[in-house]
Amino acid sequence: MKAVPPVDENLPDTSNVREWTYRDIARLPPAEQKEWKAACREELEALRRRKVFELVDRPKGRKVIKNRWVFDVKSDGRKKARLVAKGFSQVEGVDYDQIFSPVVRFETVRLLLALSALEDWYITGLDVRNAYLYGKLDEEIYMEQPEGFAAKGQEHKVLRLLRALYGLKQAGLAWWRTLNESMKELGFKRLVSDAGIFVFRNEDGGMVIVIVYVDDALFCGRNKALVNKMKAKFMEKWECRDLGEVKEFLRMRIQRKGRTIRIDQCAYLEKVLLRCGMQNAKPAPTPLPAGYHPEPNNKPVDPILRSRFQTVIGSLLYIMLGTRPDIAFAVTKLSQFAANPSQEHLTKALYICRYLLGTRSYSLVYDGASGLGLCACTDSDWGSDPFTRRSQTGYFLKLAGGIFSWQSRAQKTVAHSSTEAEYMAISDCSRQVVWIRNLMSEIGYELAPIPIAGDSQGSLFMSSNPVTESRSKHIDIRYHAIREYIENKQVEVFFVDGSDNPADLFTKNLGHVKFTKFRGQLGLEFYDSA
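Model, not experiment: these values are computed from the prediction. (Residues numbered from 1 in each chain as written. Predicted model: local features only at pLDDT ≥ 70, side-chain atom pairs only at ≥ 80, totals over all residues. Heavy atoms only, no water.)

Asks: Got a minute to help me understand the overall build of the chain in this structure?
Replies: Looking only at helices and strands, one finds 13 helices and 22 strands in the chain. Computed over its C-alpha atoms, the radius of gyration of the chain comes to 26 Å, within 12% of the 24 Å expected for a compact globule of 530 residues. Once the C-alpha set of the chain is aligned to its principal axes, its extents read approximately 80 × 70 × 55 Å. Counting every position in the chain, which comprises 530 residues, the buried fraction comes to 52%. (Helix = DSSP H or I, 4+ residues; strand = E, 2+ residues; numbered from the N terminus. Rg over C-alpha atoms; globule rule 2.2 N^0.38 Å. Buried < 20%, exposed > 50% of the residue type's maximum accessible area, 1.4 Å probe, protein only.)

Asks: Honestly, the sheet that holds strand S18 (residues 392-399) in this entry has me stumped. Any pointers?
Replies: Picture the strands of a sheet paired through backbone hydrogen bonds; they go either parallel or antiparallel. The strand order S19-S18-S17-S20-S21 describes an open sheet built from five strands, whose pairing is mixed. One side of each edge strand has no neighbouring strand; the edge strands of this open sheet are strand S19 (402-410) and strand S21 (491-495). Averaged over all adjacent pairs, the angle separating strand axes in this sheet is 20°, with direction ignored. Direction of pairing for strand S17 (residues 375-381) relative to S18: antiparallel, over a ladder of seven bridges. Bridge pairing in S18 places Cys377 opposite Phe396. The strands touched by helix H3 (residues 106-119) are S18 and S19; relative to S19, the strand with the most contacts, the crossing angle is about 155°. In the packing of helix H8 (residues 328-335) onto the sheet, contacts are made with S18 and S19, and the angle to S19 comes to roughly 30°. (Pairing = 2+ DSSP bridges. Axes fitted to C-alpha atoms, helices over the stretch in contact; angles between N-to-C directions. Contact = heavy atoms within 4.5 Å.)

Asks: Where do I start with the nonpolar core in this structure?
Replies: Soluble globular proteins tend to bury their nonpolar side chains together. The biggest cluster of nonpolar side chains holds 107 residues, and the ones touching the most others in it are Ile209 and Ile352. Per-element accounting of this core gives the leading share, twelve residues, to helix H10 (residues 418-443). Each residue touching Ile209, except ones within four places of it in the same chain, is listed here: Leu112, Trp121, Ile197, Phe198, Val199, Leu218, Phe219, Cys220 and Ile443. Among the nonpolar cores identified, the runner-up in size contains 56 residues, and Val17, Leu161, Tyr166 and Trp238 belong to it. (Core = buried A, V, L, I, M, F, W, Y, C linked by side-chain atoms within 4.5 Å.)

Asks: Help me understand the packing of aromatic side chains in this model?
Replies: Here a ring pair, both rings aromatic, is described through the centre-centre distance and the interplanar angle of the planes. For the coordinates displayed, the defined rule picks out 16 aromatic pairs. Taking the centre distance of 5.9 Å and the plane angle of 70° together, the rings of Tyr22 and Phe149 count as edge-to-face. Here the residue Tyr22 occupies a position in helix H1 (residues 22-25), and Phe149 occupies one in the loop between strand S6 (136-143) and strand S7 (158-163), the gap between them amounting to 127 residues. In this pair, the class of Tyr22 matches that of Phe149, namely buried. (Phe/Tyr/Trp six-rings, centres within 6.5 Å; stacked < 30°, edge-to-face > 60°.)

Asks: Looking at this structure, how should I read H8?
Replies: Here H8 lies mainly inside the structure; seven of its eight residues are buried. If you check which residues of H8 are buried, you get Ala328, Phe329, Ala330, Val331, Thr332, Lys333 and Leu334.

Asks: Help me understand the pairing of S19, please; the structure alone is not making it clear to me.
Replies: Looking down a regular strand, the side chains alternate between one sheet face and the other. For S18 and S19, the ladder comprises eight bridges, and the chain directions are antiparallel. Paired with Lys398 across the bridge in S19 is Ile403. Where S18 hands over to S19, the hairpin turn is made up of two residues, of which Ala400 adopts a positive phi near 60°.

Asks: Whenever I open this one, the packing of H3 against H10 confuses me. Can you help?
Replies: Each pair of packed helices gets described by two things: the angle between the helix axes and the distance between those axes. Remark: H3 packs on H10, axes separated minimally by 12 Å, with the N-to-C direction vectors making an angle of 55°. In this view, H3 runs oblique relative to H10, as classed from their interaxial angle. Regarding H3 and H10, the two cross each other, and that crossing is right-handed. In contact with Glu107, Thr108, Leu111, Leu112 and Leu115 of H3, H10 contributes Gln432, Trp435, Ile436, Leu439, Met440 and Ile443. Within the contact of H3 with H10, the residues separate by chemical class into eight nonpolar, two polar and one charged. (Parallel < 35°, antiparallel > 145°, perpendicular 65-115°, else oblique. Left-handed = near helix turned anticlockwise from the far one by under 90°. Nonpolar A, V, L, I, M, F, W, Y, C, P; charged D, E, K, R; others polar.)

Asks: Would you explain the pairing of strand S10 (residues 207-213) in this entry?
Replies: By the criterion of burial, S10 is predominantly enclosed, with six of the seven residues buried. Connecting strand S9 (residues 197-201) to the antiparallel partner S10 that follows it, the hairpin turn spans five residues, and Gly205 within it adopts a positive phi of roughly 90°. Pairing between S10 and strand S11 (residues 216-221): five bridges, direction antiparallel. Its bridge partner lying in S11, Ile209 is registered against Cys220. Where S10 folds back on S11, the antiparallel hairpin that results is connected by two residues, among which Val214 adopts a positive phi of roughly 60°.

Structure representation (structure tokens):
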């Protein structure tokens, strides 16, 4: 047998660097300590250059917030240290007021990637270094000096923050306001449909679209020279790291070959499997066993079990929201029990990990050469929850042969019939389609009525005909909006046989054969990057 090397219990856990404190750095070998302390000094120097704070005497009668160091190892191997304020100690009305900060939606990012494949747009990326530090503060905020780097002889003094710092409750909003004003100065217009998208148009009809998620940005457009020109102007305003042609965004790996764009989260998935201890598990053929219905846990809450379950399901949720629509039903179904999970719930969450283990090399593919336009599919499973008797809604939207928006969730009210459940599902889908249509219109694309396919003749008839019958007169008025969308030629509905409706995958646990058939229609393909 091969000897197992001894584990030094005095060393911090290297598999979870983000949980380290500054004291953990002192437990590392001298060479590694030097590297991490250099990363800390680099962070402090960046703060000083931006004039984020000034050293002042401790004010009387004012609460001084604390801070901590947060460490990380980037995907390219760089060691990163960030000084983060402990915003939870801020007092509302004194230290902050508004805190909401808009970011681009995942589905918008995928939509624009699919559009880039169809239109053969050039895409390039950058990230703004220490973006939050550009946000100006209106409030008077004081903070302790950072651990390990207090000014010699002035340890009793504190820092008065002049600009936003990571961790402050209003930091995101302060940065976004500064960014928004800067984009206006550069000639960009922010979209109403998604506040994370900015569009620039010149007199020659050239267009540049910028996708912004906090400090990460993608510049895309048909004219490469114009895209690079506007990117250069942006980089003159902020200290940025030029990432060149896009390779990664929001932990999604982006691979491009001609007019085909593939996105996946393989690297993040590997970390999740390792953290869950599932890297050597037996792969499962589907996300959940066919016909499985989770049951509520009526026993008292187990804090340790709940923490473990929430860690696993939270990681799976991020993967599902990013690039894996095939686990949407399984993840959303189990996440309903996050407040008080049972051991059975945790076992089934790990079952999803087993499925992902066997399909970890799958990616979402947008094929620009296919010329395939925008379409949607919707379905519902009537009264599928045996405990609440609520139905399950599922729908998705496709462009360039790949799915870019999807939803799987329990309906908010009990449906009296399968037709009513299908009608509510197709109405929900139509609202998403109209939103996408509005977004495309703001970019400059005027679309024909967008087709929505459903497998219920009754719901399609109700959508197209404003009839009031005894069996449908109680339906909430909000669901009748689809009739107006059809009348205004924003959407149109079509029938598809239930056995051929891929949206069925978002409403229930399917058997292996049917699941595999529908998964292939989502644009998910095995891809060996090696």
